[in-house]
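Residue-level structure breakdown
For reference, the chains in residue letters:
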Amino acid sequence: MSWQQKPILVGGLSLSGGLWLWWQLQATAAESGELLVWLVIALGSGLWWLRQRSRPRPIPAHIATPVARAEVEQAIALAREGLQVLAVEAPDSDRQSLEQRLTALPAQLDRQADRIVLLGGRKVGKTRLLQTLQTADWAAGWQWQEIPDSLQPEQQTASVRQALTADLILFVVAGDLTDSELHVLQVLRDARAPLLVIFNKLDQYAPSEQVDVLQQLRQRLASWLPAADVVAAAADPAPLKVRQQQPDGSVREQFEARSPDLTALSERLAIRLTTERPALAWATAWRATEQLAADITAALQQVRRDRALPIVERYQWLAAATAFANPVPVLDLLATAAIGAQLVIDLGAVYQHKFALAQAKTLASTLGALVAKLGLVELSTQAIASVLKTNVVSYAAGGAVQGLSAAYLTRLTGLSLMEYFQTADPSAELNPTQLEQALQTVFQTQQRATVWQSFVRAGLARLQGTPAATESPAT
Ligand SMILES: Nc1nc2c(ncn2[C@@H]2O[C@H](COP(=O)(O)OP(=O)(O)OP(=O)(O)O)[C@@H](O)[C@H]2O)c(=O)[nH]1
Ligand SMILES: [Mg+2]
């Protein structure tokens, strides 16, 4: 359906200067026919291709194999490209510390791995292990560190972050895994951190159980950790109670000290520290690179967000003014939908998703259908009406609810598009599921009463400032 076939919409829109202008632009684009459309599509795909080349490729989350040197080099190259994108999109941004971190990365590939940390729950034997292990011959040249209280809930994140800066993590448990131990292990696995799991306090189990517990541990971790890297130990075994039959027939009980059993652990550690030393450093460099890439992405998203928000606000108040002046529900929806297509194009440009008009319309109407499907029109209209009622508003014209609802729905649409563009692949087909998720995420974050109240307050101030507002009766 062309714009000319929507006289009500045209009438409504022409009340707003800005809307009229872009509607004209759209009409012109439509009239210049297919050639222009193809040109836009061709241009768009060219840009997609260019962008595809510079997009960081996602790294499979569940790979625990050792990190190869070439992989780190590739990751560094991608981080460098990311930083270039940031420089192009935001030449004035402060990139000095990011640049410095990038420059320092290649040298990290050639450094000697030298840091080992012990991580684990309370009283599992970290200190005892550290005291004994660090005195071994093969341990010379390595710095050892225990992260105390590392699995306490309030400290877990910081402990894990600290542990991930080391070259090798010794994760100490004293039996089958607890939920929190398993959770931390999964985080370490996803970060591809070199790891050795130590099953300490082996002596606390009867000899018949010892093999079973070790076996069970190995099995639970088997999908990503080699069995050789789950090792049993007894850093400080409890003294053994010995009963001795005396010559006079009486039985005497006494405690016999036992020496630590760290044989299997020491053997495995000695092998890894000598043969894997370069690879351990690569893995550390890889984690540093990934962190840098994440920080670059965050900086870029912030820049884009700062650009996108004013666009959303512009369209939201445009929608408010239009619906306020023409408080006919159908018109409101139509007007908001019309704004939607242009909003898609403008926001898409910020997030490097280029759209032809037809594509933008499809996306806008998909979004409109989702808004309707989720019942957001009713929900927001009711919320706004109730805020208007409960607040002592000296001025609340007939069209206020419609105006504010149109503004709110436009805002919701805009913020959802931002959320969607942030993660969606610009070259991929429209993904309605992802779009719906974005919409729901954004709607949920907007659900606090204070958000509604400040929105309504800002909206009323806006509407009062528009010429249309002065014509409407105040109550
Ligand atoms: N039975 C037995 N006890 C052990 C073993 N290793 C350590 N312990 C005991 O467990 C207790 C805690 O040992 P630590 O080395 O202090 O454990 P930790 O993990 O450093 O403890 P926190 O730092 O306080 O969380 C001490 O009483 C040790 O003697 C072991 O292999 N067998
Ligand atoms: Mg300790």
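The structure this text deals with has already been given above.
Residues numbered from 1 in each chain as written. Chains lettered and ligands numbered in written order. Predicted model: local features only at pLDDT ≥ 70, side-chain atom pairs only at ≥ 80, totals over all residues. Heavy atoms only, no water.

1. A short note on the site of ligand 1
In the vicinity of ligand 1, 17 residues are found, and the nearest of them are Lys126, Thr127, Arg128, Asp203 and Asp236. At 3.2 Å from a nitrogen atom of ligand 1 is found a side-chain nitrogen or oxygen belonging to Asn200. Contact between ligand 1 and Lys201: an oxygen atom at 3.2 Å from a side-chain N or O atom of the residue. For ligand 1, whose accessible area on its own is 650 Å², the fraction buried by protein is 79%. If one sorts the elements of the shell around ligand 1 by residue count, helix H6 (residues 126-133) sits on top with three residues. Here the residues of the shell around ligand 1 sort into five nonpolar, four polar and eight charged. (Near = heavy atom within 4 Å. Polar contact = N/O pair within 3.5 Å; in protein donor to acceptor, adjacent residues only side chain to side chain. Areas by Shrake-Rupley, 256 points an atom, 1.4 Å probe, with all protein chains shown as cover. Helix = DSSP H or I, 4+ residues; strand = E, 2+ residues; numbered from the N terminus. Nonpolar A, V, L, I, M, F, W, Y, C, P; charged D, E, K, R; others polar.)

2. What to know about the packing of aromatic side chains
For the structure shown, the criterion picks out eight aromatic pairs. Pairing Trp138 with Trp144 gives two aromatic rings, centres 6.5 Å apart and planes at 55°, and the pair type is tilted. Of the residues examined, Trp138 reaches a relative accessible area of 22% and is grouped as partly exposed. Taken together through their ring pairs, the aromatic side chains of Trp317, Tyr408, Trp452 and Phe455 make up a single cluster. Of note, Arg189 hangs over the ring of Trp224, and the distance from its end group to the ring centre comes to 6.0 Å. Over the face of the ring belonging to Trp286 we find Arg192, whose NZ or CZ atom lies 4.7 Å from the ring centre. (Phe/Tyr/Trp six-rings, centres within 6.5 Å; stacked < 30°, edge-to-face > 60°. Buried < 20%, exposed > 50% of the residue type's maximum accessible area, 1.4 Å probe, protein only. Lys NZ or Arg CZ within 6 Å of the ring centre and 35° of its normal.)

3. Points about the coordination of the magnesium ion (ligand 2)
Protein ligation of the magnesium ion (ligand 2) involves Thr127 (OG1) and Glu146 (OE), the donor distances falling in the range 2.1 to 2.2 Å. Taken together, the positions of Thr127 in helix H6 and Glu146 in strand E2 (residues 143-146) put the pair 19 residues apart, joining distant regions of the chain. (Donors = N, O, S within 2.8 Å, 3.2 Å for Na, K, Ca; no water.)

4. Brief notes about the pattern of salt bridges
Scanning the model with the defined rule gives 18 salt bridges in all. Asp236 is the salt-bridge partner of Arg128, the closest N and O atoms lying 3.0 Å from each other. Within this pair, whereas Arg128 is found in helix H6, its partner Asp236 is found in the loop between strand E5 (230-232) and strand E6 (240-245), the two being separated by 108 residues in sequence. We note a salt bridge from Asp203 to Arg258, for which the minimum N-O separation is 3.8 Å. With Asp203 in the loop between strand E4 (195-199) and helix H9 (207-221) and Arg258 in the loop between strand E7 (251-256) and helix H10 (263-275), this residue pair connects regions lying 55 residues apart in the sequence. (Salt bridge = Lys/Arg side-chain N within 4 Å of Asp/Glu carboxyl O.)

5. Some words on the nonpolar core
In this structure, Leu347, Tyr408, Leu412, Leu417 and Phe421 are the most contacted members of the largest nonpolar core, which totals 52 residues. Residue assignment for this core shows that the elements contributing at least two residues are helix H11 (277-325), helix H12 (329-350), helix H13 (357-373), helix H14 (376-390), helix H15 (400-423), helix H16 (432-445) and helix H17 (449-465). A per-element tally of this core places H15 first, with 12 residues. Residues within four places of Leu412 in sequence aside, it is in contact with Leu376, Leu439, Val442, Phe443 and Gln446. In this structure, Leu151, Val160, Ala166 and Leu195 belong to the second largest nonpolar core, which totals 27 residues. (Core = buried A, V, L, I, M, F, W, Y, C linked by side-chain atoms within 4.5 Å. Contact = heavy atoms within 4.5 Å.)

6. Topic: the environment of Glu313
Following the sequence through the fold, Glu313 ends up in helix H11. Exposure remark for Glu313: the relative accessible area of 34% places this residue in the partly exposed category. A sequence separation of 101 residues divides Glu313 from Gly414, and the C-alpha atoms of the two residues are 8.7 Å apart.

7. Quick notes on H13
Residues lying three or four places apart along an α-helix face the same way, a consequence of the helix completing one turn every 3.6 residues. Here H13 spans 24 Å end to end across 17 residues, near enough to the 24 Å set by a 1.5 Å rise per residue. Of the positions making up H13, those classed as buried are Leu357, Ala360, Leu363, Ala364, Leu367, Leu370 and Val371. Buried positions in H13, seen along its axis, are confined to an arc of 150° and lie on one side of it. Relative to its buried face, H13 has exposed residues pointing more than 90 degrees away, namely Ala358 and Lys373. Gly375 occupies a position one or two residues after H13 and carries a positive phi of about 70°. (Expected span 1.5 Å × (residues − 1). Arc of directions from axis to C-beta.)

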